[in-house]
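# Descriptive structure summary
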Amino acid sequence: MSAVFEVINLKKAFGGLVVTNDVSLSMVAGDRVALIGPNGAGKTTFVNLVTGALKPSSGEVRLRNEPVTRIGPTGRVQRGLVRSFQVTRLFQDMTPAEHVGLAVLQRTGKSAELHGNFLTRPAVMEEVYDLLERLGLYSLAHRKVREIAYGQQRLLELAIALALKPSVLLLDEPAAGVPQSDTGRIEEALANLPADLAVVMIEHDMDLVFRFAKRVVVLAAGTIIFDGLPADVTKDARVREAYLGSYANAGLNA
Amino acid sequence: MTEKTNSTLAAGAATTRSRLRAGFIKRDLYGFAAIVIVAAAGYVLFPDNLALLTRIIAIALLVLSLDLVTGYCGVATLGQAALFGSGAYAAGILSAHYGINDPLLMTLGGIFAGAVAGLICGIVMLRAHGLPQLVLSIALVYLFHEFANKASSWTGGSDGLSGIVLDPLFGLYEFDLFGHTAYFFGVVLLLIVFTLLRIVVRSPFGMLCRGIKEDPVRIRALGASPHKAVIKMYIISGAVAGTGGALSAISTQVVALDALSFTQSAEALVMLVLGGTGSLFGALVGTVIFMLFEDFVSAANPFHWLTMVGALLIVVVLFAPKGIFGTVQDLLSVRKNTTGETRP
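This report concerns the structure included in the present document. (Residues numbered from 1 in each chain as written. Chains lettered and ligands numbered in written order. Predicted model: local features only at pLDDT ≥ 70, side-chain atom pairs only at ≥ 80, totals over all residues. Heavy atoms only, no water.)

What follows concerns the overall build of chain A. Scanning chain A from terminus to terminus reveals 10 helices and 10 strands. Its C-alpha atoms give chain A a radius of gyration of 19 Å, within 12% of the compact-globule value 18 Å for 254 residues. Its C-alpha atoms give chain A principal-axis dimensions of roughly 60 × 40 × 35 Å. By residue count, 54% of the 254 residues in chain A fall in the buried class. Look at the contacts in chain A between residues 6 or more apart in sequence, and 65% of them connect residues 24 or more apart. Summing over all exposed atoms, chain A offers an accessible surface of approximately 10800 Å²; the carbon and sulfur share of this is 51%. Separation of charge centres in chain A, based on 28 positive and 27 negative side chains, amounts to 5 Å. (Helix = DSSP H or I, 4+ residues; strand = E, 2+ residues; numbered from the N terminus. Rg over C-alpha atoms; globule rule 2.2 N^0.38 Å. Buried < 20%, exposed > 50% of the residue type's maximum accessible area, 1.4 Å probe, protein only. Contact = heavy atoms within 4.5 Å. Areas by Shrake-Rupley, 256 points an atom, 1.4 Å probe, with all protein chains shown as cover. Lys, Arg positive; Asp, Glu negative; His and termini not counted. Charge placed at Lys NZ, Arg CZ, Asp CG, Glu CD.)

On to unusual backbone geometry, then. Residue and element names in this part refer to chain A. Backbone geometry at K165 places phi at a positive 45°, although glycine is not the residue there. Among the secondary structure elements, K165 is positioned in the loop between α5 (150–163) and β7 (168–172). Look at K165 and you get exposed, because its relative accessible area is 55%. Phi at E173 takes a positive value of approximately 45°, unusual for a residue other than glycine.

Okay, the packing of aromatic side chains next. All names here are of chain B. Under the defined criterion, the tally for this structure stands at 8 aromatic pairs over all chains. Ring plane angle 5° and centroid distance 6.1 Å describe the contact between Y43 and Y183, whose orientation is recorded as stacked. Here the residue Y43 occupies a position in helix α1 (residues 6–45), and Y183 occupies one in helix α7 (residues 180–201), the gap between them amounting to 140 residues. Residue classification places Y43 among the partly exposed residues on the basis of a relative accessible area of 30%. Among the aromatic residues, those joined into a cluster by ring pairs are Y43, Y183 and F184. (Phe/Tyr/Trp six-rings, centres within 6.5 Å; stacked < 30°, edge-to-face > 60°.)

Another point: helix α4 (residues 122–134) of chain A. All names here are of chain A. Over its 13 residues, α4 extends 18 Å from the first C-alpha to the last, a length consistent with the 18 Å expected when each residue adds 1.5 Å. Within the sequence span of α4, burial applies to V124, M125, V128, Y129, L131, L132 and E133. Downstream of α4 by one or two residues, G136 has phi in the positive range, about 70°. (Expected span 1.5 Å × (residues − 1).)

This next bit is on the interface of chain A and chain B. By a widely used convention, the size of an interface equals the accessible area lost when the partners come together. On the chain B side, the residues contacting the 42 residues of chain A number 37 residues. Between chain A and chain B, a total of about 3500 Å² is buried, with carbon and sulfur atoms accounting for 64% of that surface. On the chain A side of the contact with chain B, F91, L114 and T120 of chain A bury the most area, a combined 17% of that side's loss. Those elements that provide at least two residues to the side of chain A that touches chain B are α2 (73–78), α3 (96–107), α4, α5 and α6 (183–191) of chain A. When residues of the side of chain A that touches chain B are assigned to their parent elements, the largest contribution, 6 residues, is made by α4 of chain A. Considering only residue class, the side of chain A that touches chain B consists of 18 nonpolar, 11 polar and 13 charged. (Buried area = accessible area lost by both parts, 1.4 Å probe. Nonpolar A, V, L, I, M, F, W, Y, C, P; charged D, E, K, R; others polar.)

Moving on: the packing of helix α8 (residues 204–214) of chain B against helix α10 (residues 226–252) of chain B. Residues and elements named next belong to chain B. Running from N to C, α8 and α10 cross one another at 115°; their axes reach a closest spacing of 10 Å. Crossing of α8 over α10 shows left-handed handedness. Note on element contacts: α10 touches α8 through P226, A229, V230, K232, M233 and I236, opposite F205, L208, C209 and I212. When grouped by side-chain class, the residues that make up the contact of α8 with α10 number 9 nonpolar, no polar and 1 charged. (Axes fitted to C-alpha atoms, helices over the stretch in contact; angles between N-to-C directions. Left-handed = near helix turned anticlockwise from the far one by under 90°.)

Time to look at α8 of chain B. Most of α8 of chain B sits inside the fold, with 8 of its 11 residues counted as buried. Here α8 of chain B has its buried residues at P204, F205, G206, M207, L208, C209, G211 and I212 of chain B. Contacts from the buried residues of α8 of chain B go to α3 of chain A together with α7, α9 (216–221) and α10 of chain B.

What follows covers the pairing of strand β10 (residues 223–228) of chain A. All names here are of chain A. Across 5 bridges, the pairing between strand β9 (residues 215–220) and β10 is antiparallel. By the bridge assignment for β10, V218 is matched with F226. Hairpin connection from β9 to β10: 2 residues lie between these consecutive antiparallel strands, with A221 at a positive phi of about 50°. (Pairing = 2+ DSSP bridges.)

Take the nonpolar core next. Formed by 148 residues in total, the largest nonpolar core has its most connected members in V100, L156, L190 and L193 of chain A together with L64 of chain B. Filtering out sequence-adjacent residues up to four positions away, L156 of chain A remains in contact with L90, P96, H99, V100, L132, L137 and V145 of chain A. Formed by 25 residues, the second largest nonpolar core is a distinct cluster that contains F5, V23, L49 and L81 of chain A. (Core = buried A, V, L, I, M, F, W, Y, C linked by side-chain atoms within 4.5 Å.)

A few words on the sheet that holds strand β2 (residues 17–27) of chain A. All names here are of chain A. Taken in spatial order, the 4 strands make up an open sheet running β2-β1-β4-β5, and their pairing is antiparallel. In this open sheet, the two strands that pair with only one neighbour each are β2 and β5 (66–67). In this structure, strand β1 (residues 5–14) lies alongside β2, joined through 7 bridges in antiparallel fashion. Bridging from a neighbouring strand, F5 pairs with M27 of β2.

So far we have only geometry, and geometry alone does not tell us how the molecule works.
Laid out in structure tokens, this is it:
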């Protein structure tokens, strides 16, 4: 199977400080990868490089065999690379239906149309209600976001991302800030993600990582120190070192 | 998790859709009717002061245009009169220099010039954000002002542009000394613009712009370019402001440099904040209240009227930060909710 998403020798340095060093990653459709690493390992920088918010010093990002390193963030979204946010970024005065509707319209190239309320467009709304229903948000479709629970807002983030029909989905701590009672709903939604979607999840909660991921990538001091099965990750000596101590030195021998 | 069959889902969607559509049309009709009633009341109550009423309409168009970029897109500007003045001068110059005296053609000229000015201002303004953006807008309106001042062979400079002659509207209605025709022309223009803007602000594009105002990062993550959308809104805003400028040129038959001034821009912003940003009704309410208050208070106390205007503003900003319309709307919806009615 050919890779839908490839990162090749990605490197980013701020002055003399190398924050991402020679990172390579390749994913096929249906992959479920968890990207983990101690604080300051360079996970956020990695997301920013991949989504186009930051320009890499060297290296390449490819989506479905097309190099996108020189394409801006919006162009990468249009080509199927979609991210979610660690802290929800939603419009407080808008409804879930409006959020998802806007995403559907954007995907179909109709978000710049000057006429017709999309809440009255049958084709768009059918898809919107369908997505909201799948994530258990149907009954909240026309409530303002400020009135719905945080766990439901996280689900809405997922609905928006899915409405863009991505081929690669980057989830930045999808369960962050969600009360324990609601994490089950999030996990259920993650388990029901489309089978052919390649998903990278950044997560600290190791229980969630083990349940979700088929492959774990560990980043420490800007370098990938482990890429393999979840069952092997806790046995790996370098991973233990990175998490349990002396990881400050990892940058020196990298 | 709820189990719904596809047919009940679709049926539910269809009823929601028709209910929402009915709601939108009802609110549009209310708005339309409110403008007609206020316009008629003005005509009956102030028959000798139609010039003031027409001026209120022209400024209302300017404030509406400002609402589009500030209230809907979150662009801070103190230079909106650049677009208004461009429209006024274009309409005036068409008549005074080219002998095109048809009011409709003059209005079209004003719309076009306003849109072009909107494009220019939009491109320049979006190079910056926040405070630098505000300063750029002030710089722009001064540049437009100075340009009009220097190009005095076209604009009449500080003497103002005179020599505007008007053909009868549709070849039938003379623009009379009392301003009846100009007033009706203005009311019709306002109704057309208001209806079109209602469509625009709740279109997908309008929703996109509201999103940009709240969180451009989110919009970019959807794959949409905030930059492109705001420039498009600036062009629309320019066309609206240009309509107001043209109406002002047509109704007074002179264009003064004031039309392009920083003061006019700042006053428009004050009116918008007074009425409530991010709502077309807010823009209209703010303009009408500010201008009537200004007219009334300056007649009652010619020396201290500005103090009164200042006091009114402080009261509104402190006690009704959403503006007069926004606050009244909130109060009404609270009452509605307590009586058991829910909004869709």
